[in-house]
Amino acid sequence: MPEEQVRYGLVGTGMMGVEHLANLAITPGAVVTAIADPTESSLGWARDALGPDRIDAVEAFPDAATLAKSGRVDAVIVASPNFTHRAVLTPLFGEGLAILCEKPIATTIDDARWIVDQAEASGAAFWTAMEYRYMPPAAAFIDDIHGGAIGRLQMLSIREHRFPFLPKVGDWNRFSRNTGGTMVEKCCHFFDLMRLITRSEAVRVYCSGAMDVNHVDELYDGARPDIIDNSYTTVDFANGVRAMLDLSMFADGAENQEEIAAVGDTARLEVLIPEGALVHSPRVGFRNPKRATRRIVEVDAAALDAGSHHGSTFYEHQKFIAAVRGEIPVEVTARDGLMAVAIGTAAEISAREHRVVTMSELGF
């Protein structure tokens, strides 16, 4: 039986928007019918990504409001710059549209709270795009931890050593006022993973970070960038688990961009991405032979080719379209997006003020 078609609109047709288009092209039942972006060059990227076989069925709109009223879409992907999310979402709510909103859902806690209220009142599916959950090696890692592979989780360590922020239209991502800061913009993914893996909420955050290498000689209309390019962040969770994030955005030579390790009372589990290895190391006692085992989690080749997030955008879209059809519940809610923004905001405050920040200070 053919899959029920879902008509998609895309607001924001830059780099991430184009990745969504590539993944919708290989998602059964997904049909792109509308795009919107105020920048003509970005619309051109989308047209190129759609190609001659799909572009004739797609109408371009000047903004989210006209797209929302067009009657051409059932679901909308929001991939516009972070600071525009509330304004873009405003006309979408109330139209009965399912929404997948890129991370972070907002650059401030107040805007994120507003989005949660609107999403929960709308009655339609609202999904916060947290691709890192859906990288197949990371998903297997999470399943193993929740399945008891390491006993009782006590420590979680996430390392991302990667390339600097890429250029964006108007250089908007060079300034914290537009992104929420690196700890919100980039690291909300990892704070979301922490919450998911620990199955608990953060109570205090300490971040030591700075802009030490990247963008230090850049100037935009007389203003210098102010985004953190390296940091260590420690998060204490309510259930006693401690988590740590080690971020470097000038380590593009690293063999694995993400290395995540979880230590429980009976074993340690590590995942390496993009290598795809899961390494399970049970406790053996002092000087006894190690008994580590390693397995590789494969990723669909078409999913890998369709984006730059180790196939995760493809797997996320399979879940999202199932939620739009009512086959499964939403897995990453607006409230999940809010909590990731809140922890990132706490980390930004901590780095600036050189102190521990409690989540209760921020109303959580």
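A brief look at the structure comes next. Computed from a predicted structure; not experimentally measured.

The rules behind these values
Residues numbered from 1 in each chain as written. Predicted model: local features only at pLDDT ≥ 70, side-chain atom pairs only at ≥ 80, totals over all residues. Heavy atoms only, no water. Axes fitted to C-alpha atoms, helices over the stretch in contact; angles between N-to-C directions. Helix = DSSP H or I, 4+ residues; strand = E, 2+ residues; numbered from the N terminus. Left-handed = near helix turned anticlockwise from the far one by under 90°. Contact = heavy atoms within 4.5 Å. Nonpolar A, V, L, I, M, F, W, Y, C, P; charged D, E, K, R; others polar. Pairing = 2+ DSSP bridges. Salt bridge = Lys/Arg side-chain N within 4 Å of Asp/Glu carboxyl O. Buried < 20%, exposed > 50% of the residue type's maximum accessible area, 1.4 Å probe, protein only. Right-handed = clockwise from strand over helix to strand, strands pointing away. Phe/Tyr/Trp six-rings, centres within 6.5 Å; stacked < 30°, edge-to-face > 60°. Lys NZ or Arg CZ within 6 Å of the ring centre and 35° of its normal.

At their nearest, the axes of helix H1 (residues 15–24) and helix H12 (residues 312–324) sit 9 Å apart, and the two run at 65° to each other. As for how H1 packs across H12, the hand of that crossing is right-handed. Taking contact as the criterion, the partners of Met16, Glu19, His20, Asn23 and Leu24 in H1 are, on H12, Thr313, Phe314 and His317. For the contact of H1 with H12, the residue count by class is three nonpolar, four polar and one charged.

Strand order in this open sheet of nine strands is E14-E13-E12-E11-E7-E10-E9-E8-E15, and the pairing throughout is mixed. The open sheet has two free edges, formed respectively by strand E14 (293–296) and strand E15 (357–358), since each of these has just one partner strand. Where strand E12 (residues 267–273) lies against strand E13 (residues 277–282), six bridges are found, and the strand directions are antiparallel. By the bridge assignment for E13, Arg268 is matched with Ser281. Helix-sheet contacts for helix H7 (residues 136–146) involve strand E7 (153–161), strand E11 (258–264), E12, E13 and E14, and the interaxial angle to E12 is about 170°. Set on the sheet, helix H13 (residues 334–353) makes contact with strand E8 (202–210), strand E9 (230–237) and E15; between it and E8 the angle comes to about 50°.

Okay, unusual backbone geometry next. Here Lys103 and Pro104 are connected by a cis peptide whose omega angle stands at -20°. Here Pro104 lies in the loop between strand E5 (98–102) and helix H6 (109–122). In this structure, the amide linkage connecting Ile273 to the following residue, Pro274, adopts the cis form with an omega of 20°. Tracing the backbone shows Pro274 in the loop between E12 and E13. Unusually for a residue other than glycine, Asp171 sits at a positive phi of about 55°.

Applying the stated criterion to the full structure yields 24 salt bridges. Across the pair Arg295 and Asp144 runs a salt bridge, and its minimum N-O distance is 3.0 Å. Pair noted here: Arg295 is in strand E14 and Asp144 is in helix H7, with a separation of 151 residues, a long-range link. What makes Arg295 partly exposed here is its relative accessible area of 40%. Between Asp265 and Arg152 there is a salt bridge, with the nearest N and O atoms lying 3.2 Å from each other. Taken together, the residues span a long stretch of sequence, with Asp265 in the loop between E11 and E12 and Arg152 in the loop between H7 and E7 at a distance of 113 residues. Arg152 sits in the exposed class, given a relative accessible area of 51%. What you see here is one network of salt bridges that share partners, running through Arg133, Asp192, Arg195, Glu201 and Asp336.

Here strand E6 (residues 126–129) shows no split at all, with Phe126 and Thr128 on one side and Trp127 and Ala129 on the other all buried. Looking at chain direction, E5 and E6 are connected through four bridges and run parallel. Opposite Cys101, over in E6, you have Thr128 as the bridge partner. The parallel pair E5 and E6 is bridged by H6, and the resulting crossover is right-handed.

Scanning all chains against the criterion turns up nine aromatic pairs. Centroid distance Phe83 to Trp172: 6.1 Å. Interplanar angle 65°. Geometry classified as edge-to-face. Of this pair, Phe83 sits in the loop between strand E4 (75–78) and helix H5 (85–92) while Trp172 is found in the loop between E7 and helix H8 (176–179), placing the two residues 89 residues apart along the sequence. Ring geometry for Trp127 versus Phe320: centroids 6.0 Å apart, planes at 80°, classification edge-to-face. Of the two residues, Trp127 is situated in strand E6 and Phe320 in helix H12; the sequence distance between them amounts to 193 residues. The exposure class of Trp127 is buried, given its relative accessible area of 0%. Here Phe320 falls in the buried class, since its relative accessible area comes to 0%. Aromatic ring contacts, followed pair by pair, group Tyr8, Trp127, Tyr134 and Phe320 into a single cluster. Between Arg162 and the ring centre of Phe163, over which it is positioned, the NZ or CZ distance is 4.1 Å.

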